[in-house]
Amino acid sequence: LLVSSQASLLTVCAEILCSLIFPMQWSHLYIPLLPRSLTPILDAPVPYLVGITADILPDTKNDIGAETIVVNLDTNEVIMGLSTPDLPPLPESRRNKLEKALERTAGDVFWNARGLTSKRFLEAKRLDTKAAAAAAKAEEAAEREKNTAPEAALSGQTDAE
């Protein structure tokens, strides 16, 4: 289920999703822009690719099935239904390859859609790496301190005796 405040965006995104599965073809219910009067169809127990405007979404809460995946195009949110099975994680190497391909082909559009610029993303990633390294060093120092504390206590006892 695609949701957006812009009706034109719903149709474009629905068509893009259909083209992404090429050479296969979507053969189930396909309504890029569902009118308010037909929202009860969202409870149908069939696969569907349907778009609704954001103002209709609150009225459809009781019609949306438990396995429906809602994609809000305005806020870049994907909301899994309560009964939707979890997706398997994407392997790290394939995720990196996909991100690089998106960067090459879509450039800043990829990052801007997520509210980031590539520069800000790389800076945040660098800061995360530095923070992770600092945390690892602090953890190692705490571990060394913990290991040397009993030795110091023992050496203090033997000197006093």
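A. Looking closely at the sheet that holds strand β1 (residues 2–4). Taken in spatial order, the five strands of this open sheet run β2-β3-β1-β4-β5, and their pairing is mixed. At either end of the open sheet lies a strand with only one pairing partner, and these are β2 (29–31) and β5 (77–79). Sheet twist, expressed as the mean angle between neighbouring strand axes with direction ignored, is 20°. As judged from the three bridges shared by β1 and strand β3 (residues 48–53), these two strands associate in the parallel manner. Residue pairing in the sheet places Ser 4 in a bridge with Thr 53 of β3.

B. Helix α1 (residues 7–20), seen in detail. The end-to-end C-alpha distance of α1 is 20 Å, a good match for the 20 Å that 14 residues give at a rise of 1.5 Å each. Considered for burial, the residues of α1 that qualify are Leu 10, Cys 13, Ala 14 and Cys 18. Each buried residue of α1 sits inside an arc of 140° when the element is viewed along its axis, so together they form one side. Exposed residues pointing more than 90 degrees away from the buried face of α1 are listed as Ser 8 and Leu 20. As for α1, its buried residues are in contact with β1, β2 and β3.

C. Layout of the nonpolar core. With 11 residues, the main nonpolar core is built from Leu 1, Val 3, Ile 31, Leu 34, Leu 42, Tyr 48, Val 50, Ile 52, Leu 57, Ile 64 and Val 70. It is β3 that provides the largest number of residues to this core, a total of three residues. Discounting residues that sit within four places of it in the chain, Leu 57 has contacts with Val 3, Ile 52 and Ile 64. With six residues, the next largest nonpolar core counts Leu 10, Ala 14, Cys 18 and Leu 49 among its residues.

Cut-off values and rules
- Residues numbered from 1 in each chain as written.
- Predicted model: local features only at pLDDT ≥ 70, side-chain atom pairs only at ≥ 80, totals over all residues.
- Heavy atoms only, no water.
- Pairing = 2+ DSSP bridges.
- Helix = DSSP H or I, 4+ residues; strand = E, 2+ residues; numbered from the N terminus.
- Axes fitted to C-alpha atoms, helices over the stretch in contact; angles between N-to-C directions.
- Expected span 1.5 Å × (residues − 1).
- Buried < 20%, exposed > 50% of the residue type's maximum accessible area, 1.4 Å probe, protein only.
- Arc of directions from axis to C-beta.
- Contact = heavy atoms within 4.5 Å.
- Core = buried A, V, L, I, M, F, W, Y, C linked by side-chain atoms within 4.5 Å.

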